[in-house]
Amino acid sequence: MLSESLIEKLNQYGQNHLLKYYDELDERQKENYEKQLEELDFEYVEIFKNKNKIGKNAEDVYSPLEAMTIEDIEKKREVFEAAGIQALKECKVGAVLLAGGQGTRLGFDKPKGMFNIGVNKEVYIFERIITNILEVVNITGCYIPLFIMTSEINDKQTRAFFEEKNYFGYDRNYIFFFVQSMAPSMSFDGKFYMEAKDRLSLSPNGNGGWFSSIIKADLIHQMERMGIEWLNVFSVDNVLQRIADPVYVGATVLSGFPSSAKVVKKARPDERVGVMCRKNGRPSIVEYYELPDEMMQAKDSKGEPAYNYGVILNYMFRIKELLDINGNNLTTHIVKKKIPYLDEEGVLVAPEEPNGYKFETLILDMINMLDDCLVYEVDRKREFAPVKNKEGVDSIDTARELLQYNGIEI
Ligand code: UTP
């Protein structure tokens with residue numbers, strides 16, 4: 001039965017519409033739905049109300065942040081590589097694949113990693129990732145523990161796919177799955193969406209939840225047992241992603257900094273990548289949908305774009321400092337998305353255009369919480385082929401071109 005306090009909360013936050021179909025439900029459905037409502041975090045209504053202030057503080061001062069350039073790296077390549085190989089051989093580095101996203105822009109109805117990017121043969125995105133990580137395993141002779149984050153929506157399919165493909169030749173004993181948490185979604189006028197008469201519309205709560213989800217899954221102890229000190233965290237959708245690349249690992253470990261981020265020179269001022277900068281003197285990243293126009297257009301003294309480095313979602317973090325900051329205090333961002341919802345007649349609608357907000361915490365905010373970050377430039381043609389959209393920019397076609405450019409058979 002609906003509790004008094006829940007009914008009061010729904011009234012207080014203007015969310016009564018969530019009970020519109022309650023009386024039509026059978027007892028079991030009612031029970032499940034009540035549980036979802038009890039677990040619903042009404043704090044999201046406050047976040048919605050303050051959405052124009054997110055990530056902004058009039059007193060914040062932004063300035064450009066220098067990167068270790070490709071030329072700088074080349075000069076020290078051997079030293080970095082040796083240090084990286086040593087750290088990998090000592091099993092000090094684990095890899096974390098963020099595969100909990102819904103990939104709505106791609107519009108593929110399975111986990112993004114199951115997408116076949118091949119032309120003449122099958123080449124799955126997950127397969128590309130495993131092939132790349134195996135290259136490093138072949139150099140060091142040691143498997144790199146791989147932690148894969150899924151969501152409640154895609155967990156079963158992801159695990160079954162890896163199983164079916166025999167983990168693409170990776171040693172199963174070094175693969176660990178964990179599941180991230182969910183968040184509600186909301187219409188533009190602040191009403192939580194439902195996706196069935198007995199179900200709220202929930203979606204994965206952003207890639208910032210990865211570390212707290214690792215803790216929740218009790219994998220931190222597993223990492224300690226294995227002697228892992230560093231995590232290389234990366235996205236599922238970059239089919240040229242280099243994972244635990246020894247030169248990058250070595251440069252990070254030798255930097256003495258608790259974190260590092262791979263960056264590329266931006267292709268255009270409005271490219272949809274997070275932008276590296278300093279905020280109030282600390283390293284920071286501004287997500288593309290929150291980048292102010294002044295920063296997008298700013299020039300340095302040579303007339304070059306002042307904020308010219310974009311992140312490619314490939315970071316390293318030292319676990320010790322991550323535990324110190326405890327990732328729970330991340331900002332919640334609000335992002336416009338296409339959200340399937342129940343209309344006034346109780347019919348499920350799949351919108352063609354964004355129709356509401358999802359709430360996400362972002363991994364890039366962790367950089368600002370740590371004291372320093374090595375900004376590490378890579379060649380975008382060699383390391384950055386994101387599969388975000390069906391067509392156009394950062395699409396299946398552009399990724400295929402880049403794979404071919406790198407001599408990879410597809
Ligand atoms: P994106 O920001 O591209 O989001 O994710 P997405 O959900 O995959 O795609 P769109 O925006 O709906 O089209 C960047 C990386 O973060 C992971 C994704 O799987 C991808 O590797 N991610 C994103 C998560 O693991 N969990 C999330 O909740 C969101």
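Everything numeric here is computed off the predicted structure, so don't read it as measured data. (Residues numbered from 1 in each chain as written. Predicted model: local features only at pLDDT ≥ 70, side-chain atom pairs only at ≥ 80, totals over all residues. Heavy atoms only, no water.)

Asks: How would you sum up the packing of aromatic side chains? Please name residues and give values.
Replies: Applying the stated criterion across every chain, the model contains 22 aromatic pairs. On the basis of an interplanar angle of 45° and a centroid distance of 4.7 Å, the ring pair of Phe-126 and Phe-162 is categorised as tilted. Placement of Phe-126 in helix α6 (residues 125–140) and of Phe-162 in helix α7 (residues 155–164) is noted, with a sequence separation of 36 residues between them. Residue class for Phe-126 comes out buried when judged on its relative accessible area of 1%. A ring pair is formed by Phe-147 and Phe-176, whose centres lie 4.9 Å apart and whose planes are at 20°; its orientation type is stacked. Here Phe-147 is found in strand β3 (residues 146–150), whereas its partner Phe-176 is found in strand β4 (residues 175–179), with 29 residues between them in sequence. (Phe/Tyr/Trp six-rings, centres within 6.5 Å; stacked < 30°, edge-to-face > 60°. Helix = DSSP H or I, 4+ residues; strand = E, 2+ residues; numbered from the N terminus. Buried < 20%, exposed > 50% of the residue type's maximum accessible area, 1.4 Å probe, protein only.)

Asks: So what about the site of the ligand? Which residues, and what values?
Replies: The local shell around the ligand holds 20 residues, among which Leu-98, Thr-104, Gln-180, Lys-337 and Lys-388 are the closest. One nitrogen or oxygen atom from the side chain of Thr-104 is found 2.5 Å from an oxygen atom belonging to the ligand. Out of a free accessible area of 560 Å², the ligand has 91% covered by protein chains. Partitioned by chemical class, the residues of the shell around the ligand number 6 nonpolar, 10 polar and 4 charged. (Near = heavy atom within 4 Å. Polar contact = N/O pair within 3.5 Å; in protein donor to acceptor, adjacent residues only side chain to side chain. Areas by Shrake-Rupley, 256 points an atom, 1.4 Å probe, with all protein chains shown as cover. Nonpolar A, V, L, I, M, F, W, Y, C, P; charged D, E, K, R; others polar.)

Asks: Please set out the sheet that holds strand β5 (residues 182–187) residue by residue, giving values where relevant.
Replies: The 4 strands lie next to each other as β8-β5-β17-β14, forming an open sheet whose pairing is antiparallel. Strands at the two margins of the open sheet, each flanked by one partner only, are β8 (202–204) and β14 (333–337). Taking each pair of neighbouring strands and ignoring which way they run, the sheet shows an average axis angle of 40°. With 3 bridges connecting them, β5 and β8 associate as antiparallel partners. Its bridge partner lying in β8, Ala-183 is registered against Ser-203. (Pairing = 2+ DSSP bridges. Axes fitted to C-alpha atoms, helices over the stretch in contact; angles between N-to-C directions.)

Asks: Tell me what's going on with the state of the cysteines, and back it up with residues and numbers.
Replies: Here the structure, examined in full by the defined rule, presents 0 disulfides. This cysteine, Cys-277, is not joined by any disulfide, and Cys-373 carries the nearest cysteine sulfur, 11 Å off. The buried category is assigned to Cys-277, whose relative accessible area is 0%. (Disulfide = S-S within 2.5 Å.)

Asks: How would you explain the packing of helix α5 (residues 77–89) against α6 if you had to name every residue and give the values?
Replies: Their axes nearest at 10 Å, the elements α5 and α6 cross at an angle of 90°. With respect to each other, α5 and α6 are oriented roughly perpendicular. Together, Ile-85, Leu-88 and Lys-89 of α5 and Val-136, Ile-139 and Thr-140 of α6 make up the contact between the two elements. Its residues assigned to classes, the contact of α5 with α6 shows 4 nonpolar, 1 polar and 1 charged. (Parallel < 35°, antiparallel > 145°, perpendicular 65-115°, else oblique. Contact = heavy atoms within 4.5 Å.)

Asks: Which residues make up the side chain of Glu-383, and what values go with them?
Replies: Mapped onto the elements of the fold, Glu-383 is located in helix α14 (residues 380–383). Its relative accessible area of 10% is what places Glu-383 among the buried residues. Here Lys-262 takes part through its side chain, which lies 2.8 Å from a polar atom of the side chain of Glu-383. In contact with Glu-383, other than residues within four places in its own chain, are Asn-238, Leu-240, Gln-241, Arg-242, Asp-245, Lys-262, Ile-312 and Val-378.

Asks: How would you summarise the side chain of Ser-185 if you had to cite specific residues and measurements?
Replies: Checked against the element boundaries, Ser-185 lands in strand β5. Apart from the residues lying within four places of it in its own chain, the contact partners of Ser-185 are Lys-191, Phe-192, Tyr-193, Ser-201, Ile-339, Tyr-357 and Lys-358.

Asks: A description of the nonpolar core should follow, citing residues and the corresponding values.
Replies: If you look at the biggest cluster of nonpolar residues, it comprises 59 residues, and the most contacted ones within it are Leu-97, Phe-126, Ile-144, Leu-146, Tyr-170 and Tyr-376. For this core, the element with the most residues is α6, which contributes 8 residues. The next biggest cluster of nonpolar side chains, apart from the first, holds 38 residues, and it includes Leu-65, Val-96, Leu-219 and Val-263. (Core = buried A, V, L, I, M, F, W, Y, C linked by side-chain atoms within 4.5 Å.)

Asks: So what's going on with helix α15 (residues 396–405)? Which residues, and what values?
Replies: Here α15 has its buried residues at Ile-396, Ala-399, Leu-402 and Leu-403. For α15, the arc enclosing every buried residue in end-on projection is 130°, short of the 170-degree limit, so these residues lie on one face. In this structure, the buried side of α15 is in contact with α6 and α14. Looking one or two residues past α15, Gly-407 carries a phi angle of roughly 75°, positive in sign. (Arc of directions from axis to C-beta.)

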